[in-house]
Amino acid sequence: MTGEKFYITTAIDYANGEPHFGHALEKIGADVIARAHRQMGRNVHFLIGMDEHGQKVAQTAAALGIEPQTFVDEIAVKFRTMWDLLGISYDQFIRTTDAPHKSGVRAFIKRIAEASPEDFYEKEYEGWYCVGCELFKRADEIVDKKCVLHPTRDLEWTKEKNWFFRLSKYQGFLSRLVEERPNFIQPESRRNEIRALLASGLEDLSITRARLAWAIPFPIPSPATQGPSPEVQGTWVWFDALPNYLTATGYPAKGFKDRWPASLHIVGKDITRLHAVVWPAMLQAAELPLPERVWGHGFLSFGGERFSKSAGVKISLTDEIARFGPDAFRYFLLREIPFDGDGSYSVERFEAVYTSELANGLGNLASRVTAMIEKYRAGVVPPAAAASLDAEDGADLAAAQSALDGSRGYLLHEALDAIARTTTRANLFIQTSQPWALAKDPAKSAELDVVLAALVRSLARQAVALAAYMPNKAEALWTQLGGPGTAGAMPYAQLAALQATGWQVKKGDGLFPRPAEPASI
RNA sequence: GGCAGGGUAGCUCAGGUGGUUAGAGCACGGCACUCAUAAUGCCGGGGUCGUGGGUUCGAGUCCCACCCCUGCUACCA
């Protein structure tokens, strides 16, 4: 690969539980973008990983009676197993307990201390602490002496000495960033929220915690506690987790700039502000290049409840993947949930979409085309001129590509909608041209060639276009068609001119078997 | 409480700057066809466009009020 570099990341997942639907949606979406960019000829590096420090991890491990490292090791295995099952094509898996990450974080903090010495300072912090939020609250978040989000609880006045990062200093810088680079934070709804946040003013961030043992020790000694046993604070999540995108490149080792800056951070909409405000300020303080773009995707709900919340949702990720397999699951999530907004998951919808679009639509189309090539042309695709189908597919495939090349953001649901139209068009094309009738008239043999070859080309294009979404099924289809190499390795640039003459078609098992009929009375 | 977005067929949603009978997909009903995973194609039924006012020759599309939903409201992704 020699193309333009494309460094894509997802949020690192907090190692305090099992992978759930929300994690899966993000990884699948990022994986599709990564795979698609490979087919666009980019030099892709796809990073995912785990956030493994913090109080909750330490507490959970303690409750289980095991060391935190042992605990996160087990969690990391569970996540990687899930990503392998779902076919996530990541190039690198970073963990914040990796030694290179920990040393990279220290180097990054020291770099800021050198480049922007006034940006770190110690302060005795005190304020109203909401036990519900587990946060200090600002005055404008307090109404009637109660937290607006937890009005039934009393606030507690709490004190702690911490290191702070002078985020307020970067307010002007960040405002210009968001105004001058409208693509920096997308989609538009997220950008509006960030603009509102910037307009309301920024406060400095506390970036360490006392008595936090399961963390990277903050590398700057406290001037106030010099002596035989200086107090060492634990580095709080901001400076531990966010720099993973940077330390993954090998920072501070020479050569990290071969990969940095990141092209695209895919994150949940709940943490877009961290990536669009805090992270750029940190990088600017270190005088390092900023990422090109942050994309805040939406959330998945189930019967009105968040998947990410621990309570109530009684639906298993592994069960849903097993229902029709990983590829169909990937397809459904991205088809059903707009990648720039929220959506809800329902088993009924999954079954409906699978049956109508994958089994009856694409699967049956492949079945009827391969059957006709075998029956009428002994399995060999005949040479033939282009048909109306080829030209008409072009617009949809272009739309599918433009929906995820970044020019309009990353609208994966729109891309799948466009590809689905090519499936519908091919089924209609068969009905209109009636190849079975052409086959009965020897004088119409050339006409039949045109129809059959066009259908194989259409399916081949669909296999290539769908390879990012359903990698296994796309290859299964490609193999049945007798295409060269793999569908996933076929560049989008070659789609329009794709030929299939001479391919050896071999009808195989149904791509998407219809679900078993429910037992009726 | 503040800010932002939204409420259109059973379900998911389209509907630039107001203009003939409000559209698509799915689901449902009928017909056609047979290459195919009883799949496909065609036709059809189905909507007081959140509520109430207003502007206009004319409003889903503009204005006002109200109701409801969602998101954001920065320190544990």
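All chains use their own residue numbering, which begins from 1 and follows the written sequence. Here the convention is simple: chains get letters from A, ligands get numbers from 1, in the order in which they are written. For a predicted model such as this one, the threshold for reporting local features is a pLDDT of at least 70, and the threshold for listing and counting side-chain atom pairs is 80 or more; totals across whole chains, interfaces and linings nevertheless cover every residue. Computation of side-chain values: all heavy atoms of the structure, hydrogens and water removed.

Draft legend 1. Examining the overall build of chain A more closely. Going along the chain from the N terminus, every DSSP run of H or I of four or more residues is numbered as a helix, and every run of E of two or more is numbered as a strand. The number of helices and strands found in chain A is 17 helices and 18 strands. Using a 1.4 Å probe, the Shrake-Rupley method yields the accessible areas, and only the shown protein chains count as cover for residues. A total of about 22800 Å² of accessible surface is found on chain A, and carbon and sulfur atoms cover 53% of it.

Draft legend 2. Local environment of the pairing of strand β1 (residues 5-10). Categorising residues by exposure relies on relative accessible area from a 1.4 Å probe, with only protein chains included: less than 20% of the type maximum marks a residue as buried, more than 50% marks it as exposed, and the intermediate range marks it as partly exposed. Of all six residues that make up β1, five are buried, and the element is covered over most of its length. If DSSP finds at least two bridges between two strands, the strands pair. Bridge count between β1 and strand β3 (residues 43-51): five bridges; the pairing is parallel. Residue F6 lies in a different strand from β3, and its bridge partner there is V44. The sheet contact formed by β1 and strand β14 (residues 264-268) spans three bridges and is parallel. Looking across to β14, one finds that T10 is bridged to I266.

Draft legend 3. Quick peek at the packing of aromatic side chains. We call Phe, Tyr and Trp rings a pair once their centres come within 6.5 Å, taking the six-membered ring for Trp, and we label the pair stacked below 30 degrees between planes, edge-to-face above 60, and tilted otherwise. All told, the structure shown has 30 aromatic pairs when counted by the stated rule. Seen in terms of ring centroids, W295 and Y410 are 5.6 Å apart; in terms of plane orientation they differ by 85°. Their pairing is edge-to-face. Residue W295 is located in strand β15 (residues 294-297), and its partner Y410 is located in the loop between α13 (388-402) and α14 (412-433); the two are separated by 115 residues in the primary sequence. Residue classification places Y410 among the buried positions, given a relative accessible area of 2%. Taken together, a centroid distance of 3.8 Å and an interplanar angle of 5° make the contact between F324 and Y354 stacked. Placement of F324 in helix α10 (residues 317-324) and of Y354 in helix α12 (residues 347-377) is noted, with a sequence separation of 30 residues between them. One exposure class covers both F324 and Y354, and it is buried.

Draft legend 4. Fine view of the side chain of R35. By the element assignment, R35 lies in helix α1 (residues 21-39). Whether two residues touch is decided by their heavy atoms; if any such pair falls within 4.5 Å, the residues are in contact. The residues touching R35, leaving out its near neighbours within four places in the chain, are G87, S89, R330, A467, A468 and P471.

Draft legend 5. Up close: the nonpolar core. By convention a nonpolar core is built from buried Ala, Val, Leu, Ile, Met, Phe, Trp, Tyr and Cys residues, the set being connected through side-chain atoms within 4.5 Å. Core analysis: the largest hydrophobic core is formed by 110 residues, its most contacted members being I8, W83, F329, Y345 and Y469. Ranked by the residues each element gives to this core, the list is headed by helix α16 (residues 445-466), at 13 residues. I94, W163, L205 and L283 belong to the second-largest nonpolar core, a separate cluster that totals 51 residues.

Draft legend 6. Geometry of the confidence of the model for chain A. Summing up the model confidence of chain A, the mean pLDDT is 88 and the portion of residues at 70 or higher is 89%. For this predicted complex, the interface confidence reaches an ipTM of 0.89, while the overall pTM sits at 0.91. Values of pLDDT, ranging from 0 to 100, describe the predictor's confidence in every residue of the model.

Draft legend 7. Structural detail: the side chain of D240. Secondary-structure assignment places D240 in helix α7 (residues 237-241). Despite its burial, D240 remains without a salt bridge, the nearest opposite charge being carried by K102 at 8.9 Å. When near neighbours in sequence (up to four residues on either side) are disregarded, D240 contacts H53, T96, H101, V105, I216 and T235. The charge count treats Lys and Arg as positive and Asp and Glu as negative. His and the chain ends do not count. Salt bridges are defined as contacts in which a side-chain nitrogen from Lys or Arg sits within 4 Å of a carboxyl oxygen from Asp or Glu.

Draft legend 8. Focus on helix α17 (residues 471-481). Within the sequence span of α17, burial applies to P471, A474, L477, W478, Q480 and L481. At its buried positions, α17 is contacted by α1, α11 (326-336), α12 and α16. Looking one or two places after α17, you find G482, whose phi comes out positive at around 80°.

Draft legend 9. Expanded view of the pattern of salt bridges. One pass over the structure, following the stated rule, counts 31 salt bridges. A salt bridge links E179 to R195, with the nearest nitrogen and oxygen atoms 3.0 Å apart. Linking E179 in helix α5 (residues 171-180) with R195 in helix α6 (residues 188-200), this pair joins segments that are 16 residues apart in sequence. Given the relative accessible area of 33%, R195 is considered partly exposed. Where D393 meets R461, a salt bridge forms, and the shortest distance between an N and an O atom there is 2.9 Å.

Draft legend 10. Quick peek at the pairing of β15. Neither face of β15 is open: one carries V294 and G296, the other W295 and H297, and all of them are buried. Pairing of strand β10 (residues 185-186) with β15 involves two bridges; the strand directions are parallel. Looking at β15, one finds that I185 is bridged to V294. Looking down the strands as they point away from you, a crossover is right-handed if its path from the first strand over the helix to the second goes clockwise. With helix α9 (residues 272-285) bridging β14 and the parallel β15, this β-α-β connection has right-handed handedness.

Draft legend 11. Region of the structure containing helix α4 (residues 99-115). Its 17 residues give α4 an end-to-end C-alpha distance of 24 Å, which sits within 8% of 24 Å, the value for a rise of 1.5 Å per residue. Along α4, the residues that are buried comprise H101, G104, V105, F108, I109 and I112. Each buried residue of α4 lies within a common arc of 135° when the element is viewed along its axis, so the set occupies one face. With respect to the buried face of α4, the exposed residues turned more than 90 degrees away are A99, P100 and E114. One fewer than the residue count of a helix, multiplied by 1.5 Å, yields its expected span. When we speak of the arc, we mean the arc of directions from the helix axis to the C-beta atoms.

Draft legend 12. Region of interest: unusual backbone geometry. A cis amide bond links Q186 to the next residue, P187, at an omega of -5°. In this structure, P187 sits in the loop between β10 and α6. For the bond running from Y251 to P252, omega is 5°, close enough to zero to count as cis. Relative to the helices and strands, P252 resides in the loop between α8 (244-247) and β14. One non-glycine residue with positive phi stands out, namely A378, at about 55°. As for its placement among the helices and strands, A378 is situated in the loop between α12 and α13. A relative accessible area of 68% means that A378 is categorised as exposed.

Draft legend 13. Structural context of the packing of α10 against α12. In the contact formed by α10 and α12, the axes pass within 11 Å of each other and the chain directions differ by 20°. With respect to each other, α10 and α12 are oriented roughly parallel. Judged by the sense of rotation from one axis to the other, the crossing of α10 with α12 is right-handed. Across the interface between the two elements, E320, R323 and F324 of α10 pack against V347, F350, E351 and Y354 of α12. Axis definition: a line fitted to C-alpha atoms, limited for helices to the stretch in contact. Angles are taken between N-to-C directions and run from 0 to 180 degrees. Here the angle decides the label: under 35 degrees means roughly parallel, over 145 means roughly antiparallel, 65 to 115 means roughly perpendicular, and every other value means oblique. Helix crossings fall into two classes, left-handed where the near helix is turned counterclockwise from the far one by less than a right angle and right-handed where it is turned clockwise.

Draft legend 14. Just the environment of K169, in detail. Checked against the element boundaries, K169 lands in the loop between β9 (156-165) and α5. Accessibility expressed as a relative area gives 38% for K169, which makes it partly exposed. Discounting chain neighbours no more than four positions away, the residues touching K169 are S116, E118 and D119. In the analysis that follows, any N or O atom pair within 3.5 Å is treated as a polar contact, provided that within protein one partner can donate a hydrogen and the other can accept it, and provided that, for residues neighboring in sequence, both atoms belong to side chains. At a separation of 2.8 Å, a polar atom in the side chain of K169 contacts the side chain of D119. Only 3.4 Å separates the side chain of K169 from the side chain of Y170, close enough to count as a polar contact.

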